[in-house]
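# Observations on the model geometry
The residues making up each chain are set out below.
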Amino acid sequence: MVLISGDPGIGKSTILLQICQHLGNLLKILYVSGEESVKQIKLRASRLGVTSENLLLMAETDIQAILEQVSVLKPDILIIDSIQTMNHTDISSSPGSITQVRECTNAIMHTAKDLEIPALVVGHVNKDGAIAGPKVLEHIVDAVLYFEGDRHNSYRILRAVKNRYGSTNEIGVFDMTEAGLREIENPSVALLSGRPQYTAGTCVTCVMEGSRPILAEIQGLASTTGFGNPRRMATGFDYNRMSLLLAVLEKRAGYYFSNLDAYINVVGGLRLDEPAVDLAVAMALVSSLKDVPISENCLVFGEIGLAGELRAVSHINARISEAIHLGFQKCIVPYHNLKQITINTKGIQITGVRHVREAFESAADA
Ligand SMILES: Nc1ncnc2c1ncn2[C@@H]1O[C@H](COP(=O)(O)OP(=O)(O)O)[C@@H](O)[C@H]1O
Ligand SMILES: [Mg+2]
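Residue numbers run consecutively from 1 along every chain, following the written order of its sequence. Chain labels run from A onward and ligand labels from 1 onward, assigned in the order the entries are written. Confidence filtering applies because this is a predicted model: local features only for residues at pLDDT of at least 70, side-chain atom pairs given and counted only at 80 or more, and all residues used for totals across whole chains, interfaces and linings. The side-chain figures draw on all heavy atoms in the structure; neither hydrogens nor water molecules are used.

This part covers the environment of Met233. Numbering of helices and strands starts at the N terminus; helices are DSSP runs of H or I of at least 4 residues and strands are runs of E of at least 2. Topologically, Met233 is positioned in strand S12 (residues 232-235). Along the primary structure Met233 and Gly210 are separated by 23 residues, whereas in three dimensions their C-alpha atoms are 27 Å apart. In contact with Met233, other than residues within four places in its own chain, are Tyr239, Met242, Ala262, Tyr263 and Ile264. Working rule for contacts: check all heavy atoms of both residues, and any pair within 4.5 Å makes them a contact.

This is the structure in structure tokens:
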């Protein structure tokens, strides 16, 4: 039993319908929607080019009625979209409440395990505290996939956060188009396209999404504050972590931001929470502060400690390989990572840095 969760509108129903197209050639699929009518699903299926003959649709919210049909039809795969709309008549609370969600999931699980049918269940994430959100279900199901991305941006990432029978290190990167989700085979290229040239306040880093290295652009802006209290804003990066980095830059490296507004933006709607991103965030801010661009073909990564020291990061070889692969010629890395480099680094200059103070000079000179 697999839970697919994510914000409303992110594309959960879309990816499931597209899965139906691929699996429908071989298998009989029952797709139950409590959110859309059969007609609406048909309209979407036409837009996505889903033509499978083996796809059975059902618009229903009564979980007992659904499971009865499952026992009769014996599909090879069951899809429930979404768990929050399902209703168990034995329970008085309204659909979407914790008890309803939990009981409906249990009922689906029993039927699915009895009949040995894989079940894919959609669960919405509620922004304000996971009220009956997928969190309460995570321990019941076998695998949990998160579908993430910025709704105003077309990139989507499918990430495994729990998997009883396999790895959680794989991710899928997709582009949401008119004709549905399209796989992005080389996310780094897509994310770096349209990068401004010779501009201060932009820096490229390499993050690990699961076991996959992805290059991402971080933009920083430091500008004179118009009010007494300087503003700080971070999009795609943790706000508190940004404040901490600003404090470290000021106290340990002498870059003064206290009378400046500071902004950070991760391009492409990515959300980066890996410590290895620290150095790129710091460099983007310093570059904007000094109005000196980071050199075009330079990539940086490293975790910054409270003393301003650069701490080693994981997957050093994978990150450098990706940088080489995309034609970067310079890589600023934590000094303590240098001895772990085992790949051939011909064609790329690797600079090991011990302190954030030293990093900007290396990153900025051409
Ligand atoms: N005609 C369209 N062209 C391009 N994208 C569309 C179109 N219709 C819907 N979408 C995309 O699909 C998203 C809705 O996907 P959906 O699978 O219904 O999300 P979920 O099931 O996660 O709530 C929209 O936010 C939009 O990005
Ligand atoms: Mg949906």
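Moving on: the nonpolar core. Within soluble globular proteins, side chains that are nonpolar tend to cluster in buried spots. Ile218, Leu279, Met283 and Val300 are the most contacted members of the largest nonpolar core, which has 49 residues in total. The biggest single contributor to this core is helix H7 (residues 278-290), with eight residues. The start and end points of each domain follow an automatic or database-based domain assignment. Inspection of this core shows a minimum of three residues originating in each of domain 1 (2-185) and domain 2 (190-364). When residues no more than four places from it in sequence are discounted, the contact partners of Ile218 are Gly201, Thr202, Cys203, Thr205, Ile264, Asn265, Val266, Leu272, Val277, Ala280, Val281 and Ala284. Ranked by size, the runner-up nonpolar core spans 28 residues in total, among them Val32, Ile80, Ile108 and Val141. The criterion is simple. A nonpolar core is a set of buried Ala, Val, Leu, Ile, Met, Phe, Trp, Tyr and Cys residues joined through side-chain atoms within 4.5 Å. In this scheme, a residue with accessible area under 20% of its type's maximum is buried, one over 50% is exposed, and one in between is partly exposed, where area comes from a 1.4 Å probe on protein chains only.

Next up on the list: the domain arrangement of the chain. One can read the domain layout of the chain as domain 1 (2-185) and domain 2 (190-364). Summarising the inter-unit geometry, the C-alpha centres of domain 1 and domain 2 are found 37 Å apart. Taken together, the contact pairs 13 residues of domain 1 with eleven residues of domain 2. When two parts are brought into contact, each loses some accessible area as probed by a 1.4 Å sphere; the total of that loss over both is the buried area. At the boundary of domain 1 with domain 2, total buried surface from both sides reaches about 980 Å², with 49% on carbon and sulfur atoms. The term salt bridge refers to a pairing of a side-chain nitrogen on Lys or Arg with a carboxyl oxygen on Asp or Glu at a separation within 4 Å. Here Glu209 ties to Arg159 by a salt bridge, and the two come within 2.4 Å at their closest N and O atoms. Each polar contact in these results corresponds to two N or O atoms within 3.5 Å; when the atoms are within protein, one needs to be able to donate a hydrogen and the other to accept it, and residues that are neighboring in sequence are counted only if both atoms are side-chain atoms. Run the count over domain 1 and domain 2 and you get four residue pairs in polar contact (both at pLDDT 80 or more). If you list the elements that add at least two residues to the side of domain 1 that touches domain 2, you get strand S7 (155-163) and strand S8 (171-177). Gly is put with the polar residues, along with every residue not named as nonpolar or charged; the nonpolar set is Ala, Val, Leu, Ile, Met, Phe, Trp, Tyr, Cys and Pro, and the charged set is Asp, Glu, Lys and Arg. Of the residues contributing to the side of domain 1 that touches domain 2, the split by class is five nonpolar, three polar and five charged.

Any residue with a heavy atom positioned within 4 Å of a molecule or strand is treated as near that molecule or strand. Within the structure, ligand 1 sits among 14 residues, and Gly9, Lys12, Ser13, Thr14 and Arg44 are positioned closest to it. Here an oxygen atom of ligand 1 sits 3.4 Å away from a polar atom, N or O, in the main chain of Ile10. The side chain of Glu178 places a nitrogen or oxygen atom 3.4 Å from a nitrogen atom of ligand 1. Here ligand 1 loses 71% of its free accessible area of 580 Å² to cover by the protein chains. If you list the elements that add at least two residues to the shell around ligand 1, you get helix H1 (12-23), helix H2 (38-48) and S8. The accessible surface values rely on the Shrake-Rupley method and a 1.4 Å probe; as for residues, cover is taken only from the protein chains in view.

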